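Chain residues, written in single-letter form:
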Amino acid sequence: MKGLSVHVYEDSEALAAAVAAEVARVMLGDGKTRVNVGLATGSTPIPVYRHLVQLLRGKDLSHVSSFNLDEYEGLEASHPESYRHYMQEHLFAHVAVPPGNIFFPEAGRDYDALIAERGGLDLQLLGIGTNGHIGFNEPGSARDSRTRRVELSAATRAANARFFGGSAEATPSHAVTMGVATIAGARRTLLLATGAGKAEIMAALLQRAGREYDPALPATALLQHAGAEFHLDRAAAARLDK
Ligand code: PGA
């Protein structure tokens, strides 16, 4: 893990409080300069958003734009499992990011150009899949991939089936995701991993410190990123080399 910024917290609650404090600090900025944050969905960031709402409620966020990492294809924003719905529920309904500054990747939209035009991402929040995906960049994704439509792997559909009545078939088969290069283009990346279920993939990832990108494990793109941070609770860190 030499050279990597790895932070281990007692539990997911301590991680959430610390990460939310940092994200809030970045979002508030000086209150004037434009700030672009890349946000993630999934179960891991939910406690982060809970803390973030406490920290940002009532604050002026008119200088903030947000760019979500990914979205399923074929779900309306009102669908309870769409990521637009998730973000509304966990963050945007409670804090004052202007609705016109909230972006999600969509087929047919040049998301990378939009991000670049707006000045690039200051910070990108990320979870990690047990298969090493970041966003919906599944194993096999190219290092230079940009925002695009992707097919979800069987492993990801199975992992997400719990949100769609337990059926992998009912889980969307496609999504639009920021690419590996889009994510790695953020000035800072904060990858969050909590719980014993992430211990194996985090050990596999961090033991590759110093090595080059491996498409079999897309999160390895972060290992060469000077602005990458890895935030783990003790359970997710249980298999790291001491
Ligand atoms: P999770 O998903 O936070 O629900 O574990 C992370 C991911 O698949 O990127």
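Before any of the text, the structure's been laid out above.
So, here is what we can say about the structure in this document.

1. Remarks on the overall build of the protein chain
When you go through the protein chain residue by residue, the secondary structure sums to 7 helices and 10 strands. The C-alpha radius of gyration of the protein chain comes to 17 Å, within 12% of the 18 Å expected for a compact globule of 242 residues. When the backbone C-alpha atoms are referred to their principal axes, the protein chain occupies close to 45 × 40 × 35 Å. Considering the protein chain as a whole, with its 242 residues, one finds that 53% of them fall into the buried category. For the protein chain, restricting intrachain contacts to residue pairs at least 6 apart in sequence, the fraction spanning at least 24 positions comes to 79%. In the form shown here, the protein chain has an accessible surface area of approximately 10500 Å², with 51% of it arising from carbon and sulfur atoms.

2. Looking at the layout of surface pockets
Volume-wise, the largest pocket comes out at about 660 Å³. Lining of the largest pocket is provided by 33 residues; of these, Thr41, Gly42, Ser43, Tyr83 and Asn160 occupy positions nearest its centre. Broken down by secondary-structure element, the contributors of at least two residues to the lining of the largest pocket are β4 (70–72), α3 (83–92) and α5 (154–160). When its residues are assigned to classes, the lining of the largest pocket shows 14 nonpolar, 14 polar and 5 charged.

3. Some details on the site of the ligand
Gly42, Ser43, Thr44, Gly127, Ile128, Gly129, His133, Arg162 and Lys198 make up every residue found near the ligand. A distance of 2.7 Å is found between an oxygen atom of the ligand and a side-chain nitrogen or oxygen belonging to Ser43. One of the side-chain nitrogen or oxygen atoms of His133 is found 2.7 Å away from an oxygen atom of the ligand. Judged by its atoms lying within 2 Å of the grid points, the ligand is housed in the largest pocket. Considering only residue class, the shell around the ligand consists of 1 nonpolar, 6 polar and 2 charged.

4. Some words on helix α2 (residues 46–56)
At 3.6 residues per turn, the α-helix brings residues three or four places apart onto the same side. Where α2 is concerned, the buried positions are Pro47, Val48, Tyr49, Leu52, Val53 and Leu56. As for α2, its buried residues are in contact with α1 (12–28), β2 (35–39), α3, β6 (123–126) and β9 (189–193). Positioned one or two residues after α2, Gly58 has a phi angle of 80°, which is positive.

5. Details of the packing of aromatic side chains
Applying the stated criterion across every chain, the model contains 7 aromatic pairs. Look at Phe67 and Phe103: their rings are 5.0 Å apart centre to centre, the planes differ by 15°, and that puts the pair in the stacked class. Of this pair, Phe67 sits in strand β3 (residues 64–68) while Phe103 sits in strand β5 (residues 102–103), placing them 36 residues apart in sequence. Exposure class is identical for Phe67 and Phe103. Each is buried. Ring-pair connections join several aromatic residues into one group, and the members of that group are Tyr72, Tyr83, Phe136 and Phe164.

Quick notes on the rules
Residues numbered from 1 in each chain as written. Predicted model: local features only at pLDDT ≥ 70, side-chain atom pairs only at ≥ 80, totals over all residues. Heavy atoms only, no water. Helix = DSSP H or I, 4+ residues; strand = E, 2+ residues; numbered from the N terminus. Rg over C-alpha atoms; globule rule 2.2 N^0.38 Å. Buried < 20%, exposed > 50% of the residue type's maximum accessible area, 1.4 Å probe, protein only. Contact = heavy atoms within 4.5 Å. Areas by Shrake-Rupley, 256 points an atom, 1.4 Å probe, with all protein chains shown as cover. 1 Å grid on protein atoms, 1.4 Å probe; cavity = no way out; pocket = protein on both sides within 12 Å on 5 of 7 lines; lining within 4 Å. Points joined across faces, edges and corners; volume = space filled by probe spheres on them. Nonpolar A, V, L, I, M, F, W, Y, C, P; charged D, E, K, R; others polar. Near = heavy atom within 4 Å. Polar contact = N/O pair within 3.5 Å; in protein donor to acceptor, adjacent residues only side chain to side chain. Sits in = over half its atoms within 2 Å of the grid points. Phe/Tyr/Trp six-rings, centres within 6.5 Å; stacked < 30°, edge-to-face > 60°.

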